[in-house]
Amino acid sequence: MQKSVVILAAVSIAGAALAEAALTLPEEGSISRADGQAAFERIYEVVTHPRCANCHVGADNIPMWSGPSYGEARPHGMHINAGESRIGAEFLPCQTCHVTSDDFDTAPHAAPRFGIAWQLAPVEFEWFGKSRAEICAQLKDPERNGGRDWRELVEHLEHDASLNGPVAWGWSPGGDREPAPRTLEEHVEDMALWGAAGQPCPQG
Amino acid sequence: MKLTVNGTEHEVDVEPEMPLLWVLRDELNIKGPKYGCGIAQCGACTVHVDGMAVRSCQLPVGDLEGEVTTIEGLGTPESLHAVQAAWVAHQVAQCGYCQSGQIMQAAALLDLNPAPTDAEIDAVMSGNLCRCGTYPRIRAAIHDAAQKLSEA
Amino acid sequence: MSRAGKIARRTFLIGSAAIAGGVAFGVYMAKKPIPNPLLDDLKDGEAAITPFVKIDANGITLITPRADKGQGAYSIQAYLIAEELDIDPATATITPGMPRQAYYNATVLGEGVPIPAYKEGFVADTLRDFMSVPAKLLSIQMTGGSSTVPDGFDRMRLAGATARETLKEAAARRVGVARGDLRTENGAVILPDGTSIAYTDLAAEAAEIDPITNVTLRPASAWRYLGKPDLPRLDMLRKCTGTEVYGIDMEFQDMLHATVRANPAVGTAGARVDASAAEAMRGVEKILPVSNGVGVIANNTWRAFQAAEVLEIEWSAPDYPGTSDGIFAALEQALGDPDSYDHRQRDEGDVDAALEAGEIIDARYRIPYLAHAPMEPMNAVVRVLEGQVEIWTGTQIPLFIRDRAATIAGVAPEAVKVYVLPMGGSFGHRLEMTHVEQAVELALAVPGRHLKLTWSREEDMSHDYPRPASVAAGRGQVADGKVVAFDLSVSQSAMAPEWFGRLSGMSLPGPDATITTGSWDQPFAIPNYRVTGYRAPSMVPVSSWRSVGASGNGFYHDSFLDELIHAAGADPLAERILLCLHEPARKVLEAVGEMSGWDGPSMAEGRGRGVGFCMSFGVPCAQVIEVTQTEAGIRIDQVYVAVDVGEVLDPTNLEAQVFGGVIFGLGHAMNCALTYEDHAPLETNYHAYEGMRLYQAPQIEVRALSNGSRIRGVGEPAVPPAAPALANAIFAATGQRIRELPLNKHIDFV
């Protein structure tokens, strides 16, 4: 039948498959520092990609619009402010437009959606416009990463993907949007490699 | 598939990815919610789902959870909701096409925030486009409705 | 001022206007009375006393032939009739009626005469009135040009008065008293003894007598509705309860839903289509060719949209430039090129000599194509049944639609019924009828079924027939604190001939006034003053956009005037007032000065104010805009507007129209352009073309003056001054002179 149904099925399978076949984690210390740094470079490319960074913004609570279809990065249109709640509760709830659905296949320029409630990431997870060193320090700091060690970061990615949350959506964003680089599976693996290498961070 | 709109339960035979807007308009002949853009850029299709404002053009009907209220269920010409009464008092509408959505959004706003400031109105209502430029009267009508609701 | 008794002048002038306008019609035809269309369909017991009032035993129907696209035409036409008829219009049925020649728009062509609106007197007025003759013969039952009120002011009141006096005559004959002894009140004739007879009760008898047309209109001092504050719009309740039925809301038993995809290079034919995927989709009934594209007929609008989206189509390309860069290059090439010369309606003093007197002040301007993008996308319901065509649609041009549908369906125009519905905005978009042509073509394939065609927003944006892009060059000279030379050249594709040709199949010879409307006709006295129009080739098909030629020319003329006044070292407002040679125009400039507490363009650090002025559709409108430069960009704080429509019939709606005009003018000047690539606009939906949203809307204060000698419409005149007022304010606040729209290409807004 419709294109959207086919894609919906594909997405659900991808998320579910990942959840079932959870990655066998490498042993801590089994990955070289250089390989760990290379893995972080790839992680950095993912988390600063518009699909991820646009909603990992700072304390002004204003999501961004950036990416190939927007030209220069700019604040989300319509004067949107997600408030300290980060879900728009003080003003316009994100979910007024970004509805909750496992069907990621929206029209171009429509409000993207995924399988859990749309929201900004917690303010301490700020990635938009941040440097490699800043993001790296944040990712490994349990005070600013949701209290997770590297194994729990991997688990977090797998869990979110299994719910068709943003982690699954980032690589299948619908609406002719550019997906995050490489694949979800590679990103999860990179998180594990970086962790097993001792979460090495770049300078500066 | 079953859905409840303005207190009435309906059974429809549609694909689950059909947006709620088109189920309302073309399957149930409920024409208050309007098609303006199809991509959540104009707000003309705004309805309430369990009291929350939702762009019905974005919601696949298969993902609908909760009861739908459209402008027809908010108030009627004989029995206006406070927001509608304020809209009439301030003679807000020009072409009127966006106003179903504006009114539904404003009602949801006042539900969450009974006394919004101008800045809060701007933050909530800027997702609803009006090409005629009725904005000054929308602001005034929302303040007026807030006042009336607080007195009630 | 009544038009009765003007026949002699029309007869006198018809020859010369035939030359000016390019159309010639016999005097006899112009004088022949137009039949009352309501008489065709009357049932027993119904009286149609004038083309605008129909009464039967069940009630009163007011015919309001100018279509409501949000501007309030529906309401004001009803109030105009009701004022003389003595009824509460809220109790009447109000309908646009069938398109008929009787509803021709006598005013709309009047703005095309080669006399600026600020010039009054016998020749100017007669020429304008004379333009009603071709309008009548061309059957231009059109809504547009801010003409509903000026055109209907006398005509609709006369209709109400004629109906009233005829009903009184019927009552007089029934009870045997003189008509002069009767009065009317609230839908009834009141006899001398106080007995009242409802109009509805007199309808059958009124139908038997010749209408009483020798009537006197009431003076403004006797009005009950007109001019009163808080006049409620008669459609307001419906529009606030979701119960207004727009074209897109029409519903019929067993109706089909259709959409189209047509060549984004508008008007270009030819396409190779692969419909195999679409045909297999749920609910799709037929996929058929339509002119320049493909139509999908389904059982639900969304299913039609989905199927249309998966059609694989290879479009053929037209022979004009496909990109905005190419289009602007062609416009620049025509500017000043003698081979592209179109007209020069203003040439005072010796501009060439004056420019030589010193260093020339040079400025180049440009404005983009702009979509109308009304909230309700184009749609039409059509049913073809046994040689009859019925059409339900929101339109400004019902007669053109009737005739075109007749041609497509191969039937006589009388076999086509056009039901005009309320419109979810237009801004000029509904002066086109491509969507109706497509709907008729598709409906012919499903005889007997109602078929609703709806354009997706993307289709609508791509087939908008936008406001023309144009470029302009200003050259000027100042001396001793005064502007001494003003020379403006504008280059644009010919809009009016293109549009009229599309609608009528006829060519409109002569110059295209829209190229310079809004700049050549401004009420200023500059010793050496010249405005020249150049006609660039036809490129993207273009049409009228709220305020038409003045939408761009207002920006050009007033921006350049501001630059020259600045160069002369004079005050922008004081100097405009000094240069102004039209009393009502001077008064609106003085009014905005007073409202804004004008003491020069400079304000506190980072703030500034600008004045903008344009006279369009005979209405002088001045605006003062105050802005602040903030870290996030320019913020518009306050707009002061003064406008003069001669006589204010509905102050509440006038304010609404001015709010709307200012916001429309500002929003597009700040934020909007259609940018072309591969012959199609990149801006396909509101994500890239929003006009203005609420958070950007400034405080607006409006003052209406009544010094003008003729009554005018206010739907458009507030648009043109907004852009230059804002650009001039930005200059005052930042020193940055922006000569290209949209302004956000050059500066950020909050």
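Residues numbered from 1 in each chain as written. Chains lettered and ligands numbered in written order. Predicted model: local features only at pLDDT ≥ 70, side-chain atom pairs only at ≥ 80, totals over all residues. Heavy atoms only, no water.

Some thoughts on the overall build of chain A
Along its length, chain A carries seven helices and two strands. The helix and strand sequence of chain A, counted from the amino end, reads α-α-α-β-β-α-α-α-α. Burial statistics for chain A: of 204 residues in total, 48% are counted as buried. Residue pairs in contact within chain A that sit at least 24 positions apart in sequence constitute 63% of those at least 6 positions apart. Approximately 9100 Å² of chain A is accessible, and the part contributed by carbon and sulfur atoms is 55%. (Helix = DSSP H or I, 4+ residues; strand = E, 2+ residues; numbered from the N terminus. Buried < 20%, exposed > 50% of the residue type's maximum accessible area, 1.4 Å probe, protein only. Contact = heavy atoms within 4.5 Å. Areas by Shrake-Rupley, 256 points an atom, 1.4 Å probe, with all protein chains shown as cover.)

A closer look at the side chain of glutamate 169 of chain C
Residue and element names in this part refer to chain C. Looking at the secondary structure, you find glutamate 169 in helix α6 (residues 148–175). The class for glutamate 169 is buried, based on a relative accessible area of 16%. Ignoring sequence-local partners within four residues, the contact set of glutamate 169 consists of Arg179, Ile209 and Ile212.

Some remarks on the state of the cysteines
Inspection of every chain in the model, using the stated rule, returns one disulfide over all chains. A sulfur-sulfur distance of 2.0 Å marks the disulfide that ties cysteine 136 of chain A to cysteine 201 of chain A. Disulfide cysteine 136 of chain A-cysteine 201 of chain A: the torsion about the S-S bond is -90°, which places it as left-handed. Within this pair, whereas cysteine 136 of chain A is found in helix α4 (residues 132–140), its partner cysteine 201 of chain A is found in the segment after α7 (184–196), the two being separated by 65 residues in sequence. Look at cysteine 136 of chain A and you get buried, because its relative accessible area is 0%. Overall, the relative accessible area of 17% leaves cysteine 201 of chain A in the buried class. Free of any disulfide, cysteine 672 of chain C has its nearest neighbouring cysteine sulfur in cysteine 130 of chain B, separated by 14 Å. (Disulfide = S-S within 2.5 Å.)

As for the packing of aromatic side chains
Each aromatic ring pair is specified by the distance between its two centres and by the angle formed by the two planes. All names here are of chain C. In this structure the tally under the stated criterion is 26 aromatic pairs over all chains. With centroids separated by 5.3 Å and ring planes inclined at 75°, the aromatic side chains of phenylalanine 486 and tyrosine 529 adopt a geometry described as edge-to-face. With phenylalanine 486 in strand β20 (residues 482–493) and tyrosine 529 in strand β21 (residues 528–536), this pair connects stretches of sequence that are 43 residues apart. Among the residues examined, phenylalanine 486 registers a relative accessible area of 0% and is labelled buried. (Phe/Tyr/Trp six-rings, centres within 6.5 Å; stacked < 30°, edge-to-face > 60°.)

Some details on the packing of helix α1 (residues 20–27) of chain B against helix α10 (residues 301–310) of chain C
At a minimum axis separation of 8 Å, α1 of chain B and α10 of chain C run at an interaxial angle of 125°. Considering the angle they form, α1 of chain B stands oblique to α10 of chain C. Of the residues in α10 of chain C, those touching α1 of chain B at Trp22, Asp26 and Glu27 of chain B are Thr301, Trp302, Arg303 and Phe305 of chain C. Among the residues making up the contact of α1 of chain B with α10 of chain C, the classes are represented as three nonpolar, one polar and three charged. (Axes fitted to C-alpha atoms, helices over the stretch in contact; angles between N-to-C directions. Parallel < 35°, antiparallel > 145°, perpendicular 65-115°, else oblique. Nonpolar A, V, L, I, M, F, W, Y, C, P; charged D, E, K, R; others polar.)

Looking at the sheet that holds strand β23 (residues 619–630) of chain C
All names here are of chain C. One open sheet accounts for four strands, arranged β22-β23-β24-β27; its pairing is mixed. Taken across any chain shown, the strands that pair with only one partner, and hence form the sheet edges, are β22 (607–616) and β27 (699–705). Taking the axes of each pair of neighbouring strands and ignoring which way they run, one obtains an average angle of 15° across the sheet. Bridge count between strand β24 (residues 633–644) and β27: seven bridges; the pairing is parallel. Paired with aspartate 644 across the two strands is leucine 705, which belongs to β27. (Pairing = 2+ DSSP bridges.)

A look at unusual backbone geometry
Along the chain, leucine 741 of chain C connects to proline 742 of chain C via a cis peptide bond; the corresponding omega equals 0°. Relative to the helices and strands, proline 742 of chain C is located in the segment after α21 (722–734). Unlike most non-glycine residues, asparagine 164 of chain A shows phi in positive territory, near 55°. Its place among the elements puts asparagine 164 of chain A in the loop between α5 (150–162) and α6 (166–169). For asparagine 164 of chain A, a relative accessible area of 6% corresponds to the buried category. Positive phi is not limited to glycine here, since tyrosine 465 of chain C has a value of about 50°. Position of tyrosine 465 of chain C among the secondary structure elements: in the loop between α15 (457–462) and β19 (470–479). Owing to a relative accessible area of 6%, tyrosine 465 of chain C belongs among the buried residues under this scheme.

A closer look at the pairing of strand β1 (residues 64–67) of chain A
All names here are of chain A. Burial along β1 is two-sided: the residues Met64 and Ser66 and Trp65 and Gly67 are all buried. Sheet topology note: the β1/strand β2 (residues 71–75) ladder contains three bridges and is antiparallel. From the neighbouring strand, glycine 67 faces β2, where its bridge partner is glycine 71.

Regarding α1 of chain B
Note that an α-helix has 3.6 residues per turn; residues three or four places apart therefore point the same way. Of all eight residues making up α1 of chain B, seven are buried, and the element is well covered by its neighbours. Turning to α1 of chain B, its buried residues number three or more, namely Leu20, Leu21, Trp22, Val23, Leu24, Arg25 and Asp26 of chain B. As for α1 of chain B, its buried residues are in contact with β1 (2–5), β3 (46–49) and β5 (68–69) of chain B together with β8 (256–262) and α10 of chain C. Just past α1 of chain B, the residue asparagine 29 of chain B takes up positive phi, approximately 55°.

Things to note about the pattern of salt bridges
Residue and element names in this part refer to chain C. Inspection of every chain in the model, using the stated rule, returns 67 salt bridges over all chains. In this structure, glutamate 332 engages arginine 364 in a salt bridge whose closest nitrogen and oxygen atoms are separated by 2.9 Å. One end of the pair, glutamate 332, is in helix α11 (residues 324–334); the other, arginine 364, is in strand β14 (residues 361–367), and 32 residues separate them in sequence. Of the residues examined, glutamate 332 reaches a relative accessible area of 26% and is grouped as partly exposed. (Salt bridge = Lys/Arg side-chain N within 4 Å of Asp/Glu carboxyl O.)

Remarks on the interface of chain B and chain C
Contacts between the two partners involve 56 residues from chain B, matched on the other side by 63 residues from chain C. Between chain B and chain C, roughly 4800 Å² of surface is buried when both sides are summed, and carbon and sulfur atoms account for 57% of that area. For the interface between chain B and chain C, the tally reads eight salt bridges. The partner of glutamate 251 of chain C in a salt bridge is lysine 31 of chain B, and the shortest N-O contact between them spans 2.4 Å. (Buried area = accessible area lost by both parts, 1.4 Å probe.)

A word on the confidence of the model for chain A
Here chain A shows a mean pLDDT of 89. Residues at 70 or above account for 87%. Of the regions scoring below 50 in pLDDT, residues 1–17 of chain A engages in 18 contacts with residues more than four places distant in sequence or in other chains. (pLDDT = per-residue confidence, 0-100.)

A few points about the sheet that holds strand β7 (residues 196–198) of chain C
Residues and elements named next belong to chain C. In spatial order, the strands read β5-β6-β7; together these three strands make up an open sheet with antiparallel pairing. Each edge of the open sheet is held by one strand with a lone partner, namely β5 (183–185) and β7. Across the sheet, the mean angle from the axis of one strand to that of its neighbour is 30°, orientation sign disregarded. Looking at chain direction, β5 and strand β6 (residues 188–190) are connected through three bridges and run antiparallel. Its bridge partner being in β6, glutamate 185 is matched across the sheet by alanine 188. Lying on the sheet, helix α7 (residues 199–206) is in contact with β5, β6 and β7; it crosses β7 at an angle near 70°.

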